[in-house]
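Structural overview
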Amino acid sequence: MGEHSSGMPSTVRTFLARPGAFFESRVDQLSGVRGAGLAFLFSVVATVILGSILRQFTTLFTGTTTVDNPSYPGDMICENGGLEGLNMTVTMSGCDQPKQKSVEISSLLWDEMAGIVPWIAVGLLLVWFGLAVALHVGALLGSGSGRFGQTLEVTAWGLLPTVVTSVVGGAALLFFASRTDLSASSPEALLPAIRSLQSGVSGLTLLVIQLLGATWQAYVWAAGLRVVHEVSRRAAVAVAVLVALVPVLLS
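Keep in mind that what you see is a predicted model, and the values were worked out from it rather than measured. (Residues numbered from 1 in each chain as written. Predicted model: local features only at pLDDT ≥ 70, side-chain atom pairs only at ≥ 80, totals over all residues. Heavy atoms only, no water.)

Tracing the sequence through the fold places Gln-150 in helix 7 (residues 148–157). Side-chain polar atoms of Gln-150 contact the backbone oxygen of Val-27, separated by 3.2 Å. Residues within four places of Gln-150 in sequence aside, it is in contact with Val-27, Leu-30 and Val-228. (Helix = DSSP H or I, 4+ residues; strand = E, 2+ residues; numbered from the N terminus. Polar contact = N/O pair within 3.5 Å; in protein donor to acceptor, adjacent residues only side chain to side chain. Contact = heavy atoms within 4.5 Å.)

What follows is the structure, encoded as structure tokens:
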């Protein structure tokens, strides 16, 4: 029983400290199906984390603004003469409502983001597949011999740093945002405050976190490519680093 209980921590330690040994111990089991399952799991977890962070982030916007009141039917219906010439009777329901109403900016932001959050998982899955193609092509150019299915799983394991980076980066974003004045009521006034989060100490911190995540990814991918494709250390590192830097450069 003691051996089984220590199996999982031992596997985790091996993955973190010696990813090469981790992949060697399961090289015959690596497959595209397992890779797809891992990619789906990591994508869902990252989406839940990012969704929670975005929800907390929007609550920091404490200002209010005015928007059209959906309960008000419109001037054409409510104003006198708006229906002249139409031989019909209309009940003027809602015409006593104000044309506009005051709403919290945080509520408006979350309404917009809530529809986008589920697509993060889809985007991550597409990114996973694209990165796998890039890693596989790079390995083949380095005289690699592994199967694409194996590369898919190696790439999926490299998404674990993405999950960790989401947690750390999200926590840093909330920390700096909570110390920024986001109480303005207009986009023009909020824009400088939001831009300030992308520069200075906060921007540098977020960039460092992103680079550390990319370094971890490259470390995992290089080890996996060496085992699966039997390429040289130099080739594996070069391919892994180049592919890991692509998301950083595009962000």
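Looking now at the packing of helix 6 (residues 117–141) against helix 10 (residues 200–229). For the pair helix 6 and helix 10, interaxial distance at closest approach is 11 Å and the crossing angle is 55 degrees. Classified by the angle between their axes, helix 6 and helix 10 sit oblique to one another. In this structure, helix 6 meets helix 10 at a crossing whose hand is right-handed. Contacts between helix 6 and helix 10 involve Leu-131, Leu-135, His-136 and Ala-139 from the former and Trp-221, Leu-225 and His-229 from the latter. (Axes fitted to C-alpha atoms, helices over the stretch in contact; angles between N-to-C directions. Parallel < 35°, antiparallel > 145°, perpendicular 65-115°, else oblique. Left-handed = near helix turned anticlockwise from the far one by under 90°.)

With that settled, consider the pattern of salt bridges. If the charged atoms of two oppositely charged side chains come close together, the side chains can form a pair. One pass over the full model with this rule turns up 1 salt bridge. Note that Glu-153 is salt-bridged to Arg-34, the shortest N-O span being 3.2 Å. Residue Glu-153 is located in helix 7, and its partner Arg-34 is located in helix 3 (residues 32–59); the two are separated by 119 residues in the primary sequence. Given a relative accessible area of 0%, Glu-153 falls into the buried group. Among the residues examined, Arg-34 registers a relative accessible area of 37% and is labelled partly exposed. (Salt bridge = Lys/Arg side-chain N within 4 Å of Asp/Glu carboxyl O. Buried < 20%, exposed > 50% of the residue type's maximum accessible area, 1.4 Å probe, protein only.)

A few words on the confidence of the model for the protein. Parts of the model with low pLDDT should not have their predicted coordinates read in detail. Confidence in the prediction of the protein, expressed as mean pLDDT, is 85, and 85% of residues score 70 or more. A low-confidence stretch, residues 1–6 stays under pLDDT 50, and its non-local contacts, those more than four residues away or across chains, total 0 contacts. Note on residues 81–90: pLDDT under 50 across the span, and 5 contacts to partners over four residues away in sequence or across chains. (pLDDT = per-residue confidence, 0-100.)

The end-to-end C-alpha distance of helix 8 (residues 160–177) is 26 Å, a good match for the 26 Å that 18 residues give at a rise of 1.5 Å each. Those residues of helix 8 that sit buried are Pro-161, Val-163, Ser-166, Gly-169, Gly-170, Ala-172, Phe-176 and Ala-177. Here the buried face of helix 8 lies against helix 3, helix 7 and helix 10. (Expected span 1.5 Å × (residues − 1).)

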